[in-house]
Amino acid sequence: MATDDVWILGIHMTKFGKHLDKDAIDLASEATLAALADAGLTMKDVGVLAAGNLMNAGAGIGQQLQKQIGQTGIPVYNVANACATGATALRTAIMAVKAGECDYGLAVGVEKLSGAGLLTGAARRKEGDTWAPDGRYGAVTALDGRVGTETMPGVFAQVGMEYGHKYGGTSFELFARISEKNHAHSTLNPKAAYTKRMSLDEIMNDVMIAYPNTRPMCSANCDGAAAAVVVSDSVLKTLSKEQQRRAVKVSASVLTSDPWQESCQILPDVNTLTRNAAEQAYEKAGLGPDDLDLVELHDCFATAELVHYDNLGLCEPGGAVDFFESGASWREGKTPVNVSGGLESKGHPIAATGIANIWEVCHHLRGEAGDRQIEGAKVGLAHVIGLGSACGVHILEKSAA
Amino acid sequence: MDEGSAVSEQVPLVDYLVLGDDPHLVAKECTTCGARFFDRRNACASCSATEFRPAPVATEGEVRAFTIVSMAAPGIPVPFVAALVDCDGTSVRGNLVNVPPDPEHVTLGMKVKLATVPVGTDSTGTEAIGFGFEPREES
């Protein structure tokens, strides 16, 4: 009996890092062709393509990709949703399949970000000769640095500090130890951009970017792509036993935006929309945080990982510090978090991230994760946040076949 | 408005900063739900109503979050302290000023008050005045 479940049939991520000899189309092609091969399909089978490349969002990455690997005339959705772009592409493909518009959907995200440096609003604009109010705040000159900060490390530093103010227990060292965990995890991931274990001292004494985030506590700018092929339940049942065995069930696919909260236009609120997404995802999947064998969450900065333990319900409200202190989020712990190394070491090629974290979870659910395999993993959760804001949460389950 | 005048004038950095003897911030408050905003509004993000009234914001507050920015876009002097200040229930974004930018002097929950800071002078001699929050003496 077919259901309206959607499955991941094929998925791939490129190695993250510096790809000096490859452009975005090369990387997107590599990820897409490998995901199709993993699914046992070709471009001719695909009924919809959703594609994202945030730093060049107007360029039509989907059609550019088709021109290299297969112009089949199918609808293309070029999507942009900040750091949630990859998850948005995947969800777009899932919705098309769920709506019955096609049998197979394809999602791809790619970014060329090596050497991009600090991601911020912009360099200060050239000032005129005379002060003249401009923009929605009637500002006579640029506000970044004069009225708070627009840098990502600074914004997410405040997100972690606000949690510390509310519940206590945080410190520079605590945030650095979260980063220490993810860098330790990365040593087992050959696809990570950085695979060097770092001591707490090294992390705390590295270049300060925005207190309490030092450089290794920030997501690593790098190049990379990831792609996934999704299929309906009814079509999956017509495929080979091997395809059915390796297929991963999308038990929940949720995208939220930030609902209004008192301070959300002062400091972006990355909490409420994540809590909402997680609650919806657990309800749709009929599962809870205790069922999760691993979690890939959006550690764009070490300060962000802490708040998402709480937002995703991995601990009691206010209990994120105790949760981390218990060792729960280490790979040997109760709920391993970011066993890939996370964005801090695996890297964060923006539009690829929201599919690459799904790849990581699928890799474990299929039992194919090699040295870093979480033994017996049956259920995993992948989470991304795009500032602005968008949140994607996917819950994935191992096939029973 | 003061063509040819040699008299030095002051303008606020942002239109929600009121200068004068009693410098303070003024929010746009939704007349339906009370949500407060600092930018030009099309409607209320909380309830979608379209009427707003000016609401003076308390000049004293408490630091709810901060970061010490050591790396910023070209042209921005660092380090500086960016903060989220809770001014009697209204959240305000601003820098912490008149305090050394280090974690020994800047703390969560610190009591602060609004302070004006000079931004610069343009070619006509007009001075732009911005704002920040400085430590308040504990009583």
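Residues numbered from 1 in each chain as written. Chains lettered and ligands numbered in written order. Predicted model: local features only at pLDDT ≥ 70, side-chain atom pairs only at ≥ 80, totals over all residues.

Each helix and strand in chain B was counted, giving zero helices and ten strands. Of the regular secondary structure in chain B, the N- to C-terminal order runs β-β-β-β-β-β-β-β-β-β. Buried positions account for 36% of the 139 residues belonging to chain B. Sequence-distant contacts in chain B: of pairs separated by 6 or more residues, those separated by 24 or more amount to 44%. (Helix = DSSP H or I, 4+ residues; strand = E, 2+ residues; numbered from the N terminus. Buried ≥ 20, exposed ≤ 12 C-beta atoms within 10 Å, placed from the backbone. Contact = placed C-beta atoms within 7 Å.)

All right, on to the domain arrangement of chain A then. All names here are of chain A. Once the domains are mapped, chain A shows domain 1 (6-116 + 222-251) and domain 2 (152-217 + 252-398). Here the C-alpha centroids of domain 1 and domain 2 sit 23 Å apart. With 40 residues of domain 1 in contact, the opposing surface of domain 2 contributes 39 residues. Listed by contribution, the elements that provide at least two residues to the side of domain 1 that touches domain 2 are strand E1 (6-13), helix H3 (85-98), strand E4 (104-111), strand E7 (224-232) and strand E8 (248-257). Looking at the side of domain 1 that touches domain 2, the element that brings in the most residues is H3, giving eight residues. (Domains from an automatic or database assignment.)

Paired through backbone hydrogen bonds, the strands of a sheet run either parallel or antiparallel to each other. All names here are of chain A. The strand order E3-E2-E4-E7-E1-E8-E11-E10-E9 describes an open sheet built from nine strands, whose pairing is mixed. In this open sheet, the two strands that pair with only one neighbour each are strand E3 (76-79) and strand E9 (294-296). Averaged over all pairs of adjacent strands, the angle between strand axes in this sheet comes to 25°, irrespective of strand direction. Direction of pairing for E1 relative to E8: antiparallel, over a ladder of three bridges. Across the sheet, Trp 7 pairs through a bridge with Lys 249, a residue of E8. (Pairing = 2+ DSSP bridges. Axes fitted to C-alpha atoms, helices over the stretch in contact; angles between N-to-C directions.)

Moving on, we come to the interface of chain A and chain B. On the chain B side, the residues contacting the 41 residues of chain A number 43 residues. Elements with a contribution of two residues or more to the side of chain A that touches chain B: helix H4 (152-167) and strand E5 (208-211) of chain A. When residues in the side of chain A that touches chain B are grouped by element, the largest group, seven residues, is from H4(A). Of the residues in the side of chain A that touches chain B, the class split is 19 nonpolar, 15 polar and seven charged. Relative to strand E6 (residues 60-69) of chain B, E5(A) runs antiparallel, the two being bridged by two bridges. Residue pairing in the sheet places Ala210(A) in a bridge with Val69(B) of E6(B). (Nonpolar A, V, L, I, M, F, W, Y, C, P; charged D, E, K, R; others polar.)

With that settled, consider the pairing of strand E3 (residues 24-30) of chain B. Residue and element names in this part refer to chain B. Taken together, the two bridges between strand E2 (residues 17-18) and E3 define a ladder with antiparallel strand orientation. What sits directly across from Val 18, in E3, is His 24. Between E2 and E3, which follow one another and run antiparallel, lie five residues, and Gly 20 among them has a positive phi close to 105°. Where E3 lies against strand E5 (residues 52-57), six bridges are found, and the strand directions are antiparallel. Its bridge partner lying in E5, Cys 30 is registered against Phe 52. Of the strand pairs in this sheet, E3 and strand E4 (residues 36-37) are connected by two bridges, and their pairing is antiparallel. Considered in E4, the bridge of Glu 29 is made with Arg 36. In this antiparallel pair of consecutive strands, E3 and E4, the connection spans five residues, and Gly 34 shows a positive phi of 85°.

Turning next to unusual backbone geometry. The omega angle of the peptide bond from Tyr211(A) to Pro212(A) is 5°, so this bond is cis rather than trans. Relative to the elements of secondary structure, Pro212(A) occurs in the loop between E5 and strand E6 (213-214). A cis amide bond links Val78(B) to the next residue, Pro79(B), at an omega of -5°. The residue Pro79(B) is located in the loop between E6 and strand E7 (80-87) in this model. Here the phi dihedral of Ala82(A) falls at roughly 50°; this positive angle occurs in a residue that is not glycine.

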